[in-house]
Amino acid sequence: MDKVEIPRKAIYRLSLYSRCLRRLSEKGIETISSSALASAAGVKPAQLRKDIGYFGQFGTRGLGYPVDVLLGAFREVLGRATLQPVILVGAGNLGRALLRYEGFLKEGFDVLAAFDKYPESIDTARVPVPVHPDSELTEFIKANKVRMAILCVPAEFGQEVANTLVEAGVQGILNFSPTILQTPEYVVVTRVDLAMELENLSFFIDQ
């Protein structure tokens, strides 16, 4: 059987479904219908069923989906059955704000450390992880088997740092740096351009 190509947007929606299921589990809810889960995630029931179908058969007609079983399956698919080690590069204002975000750990991502070109200038009093000089980046990634990184450096340093990350073994980059990165095909880059998102919001507001 040919391997099914899973759309990237389906993986993104799986994260939304997982988040909704976690809240349901915390409330003690054991089962949920596809229509109720779709409504909570903001998608159509047909889309939800199609997305879930990429990963296996779950649920019973008329009874709905078992919340904990589906949540466990999604976490395994997303690689969060165990904590995923992550590093952050660029401990400026945005980087430090992200480091203080507690949601990473709740979602299964353990931010181990931050790296900066000038770590001595960083106020570490409110930073929950150690801040290392970027010269230690490669050694740390290899020693801790880190495959994911958050990039918050200025645009002019983005590609250089990305090259270092990839050469050290990083395979996924969440890019807050305002530049488009060139990486090998096996490296997944998700770009977060806050100014562009605001620009899009402004366009729709003005319509």
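Let me begin by describing the structure that accompanies this report. These figures come from a predicted structure and were not determined experimentally. (Residues numbered from 1 in each chain as written. Predicted model: local features only at pLDDT ≥ 70, side-chain atom pairs only at ≥ 80, totals over all residues. Heavy atoms only, no water.)

Points about the overall build of the protein
Stage number 1. Scanning the protein for helices and strands turns up nine helices and eight strands.
Stage number 2. Principal-axis analysis of the C-alpha atoms places the extent of the protein at approximately 60 × 45 × 40 Å.
Stage number 3. Of all 207 residues assigned to the protein, the portion counted as buried reaches 38%.
Stage number 4. Of the contacts formed within the protein by residues at least 6 apart in sequence, a portion of 58% connects residues at least 24 apart. (Helix = DSSP H or I, 4+ residues; strand = E, 2+ residues; numbered from the N terminus. Buried < 20%, exposed > 50% of the residue type's maximum accessible area, 1.4 Å probe, protein only. Contact = heavy atoms within 4.5 Å.)

What to know about the nonpolar core
Stage number 1. One finds Ile 87, Val 89, Leu 137, Ile 141, Leu 151, Leu 165 and Ile 173 to be the most contacted residues of the largest nonpolar core, which totals 20 residues.
Stage number 2. Among the elements that take part in this core, helix α8 (residues 155-168) stands out by supplying five residues, more than any other.
Stage number 3. Once residues within four sequence positions are removed from consideration, Ile 141 is found in contact with Ile 87, Val 146, Leu 165, Ala 168 and Val 170.
Stage number 4. By size, the runner-up hydrophobic cluster in this structure holds 19 residues, among which are Leu 14, Cys 20, Leu 37 and Ala 38. (Core = buried A, V, L, I, M, F, W, Y, C linked by side-chain atoms within 4.5 Å.)

A word on a nonpolar patch on the surface
Stage number 1. Together, Leu 198, Leu 201 and Ile 205 make up a nonpolar patch on the protein surface, roughly 350 Å² of accessible area in all.
Stage number 2. If you trace the backbone, Leu 198 turns up in helix α9 (residues 194-206).
Stage number 3. Residue classification places Leu 198 among the exposed residues on the basis of a relative accessible area of 57%. (Patch = residues over 30% accessible without salt bridge, like charges linked within 9 Å, V, L, I, M, F, W, Y side chains within 5 Å. Areas by Shrake-Rupley, 256 points an atom, 1.4 Å probe, with all protein chains shown as cover. Salt bridge = Lys/Arg side-chain N within 4 Å of Asp/Glu carboxyl O.)

Section: the environment of Thr 124
Stage number 1. Relative to the assigned elements, Thr 124 resides in the loop between β4 (109-116) and β5 (131-133).
Stage number 2. Along the primary structure Thr 124 and Ser 18 are separated by 106 residues, whereas in three dimensions their C-alpha atoms are 33 Å apart.

Structural notes on the sheet that holds strand β7 (residues 172-175)
Stage number 1. The strand order across the open sheet built from six strands is β5-β4-β3-β6-β7-β8, with neighbouring strands paired in parallel fashion. With one partner strand each, in any of the chains shown, β5 and β8 (188-191) form the two edges of the open sheet. Each strand of the sheet is rotated relative to its neighbour by a mean of 25 degrees, with strand direction disregarded.
Stage number 2. Two strands pair when backbone bridges link them, and β4 and β5 are joined in this way by three bridges, in the parallel orientation. Across the sheet, the residue bridging to Phe 115 is His 132, located in β5. (Pairing = 2+ DSSP bridges. Axes fitted to C-alpha atoms, helices over the stretch in contact; angles between N-to-C directions.)

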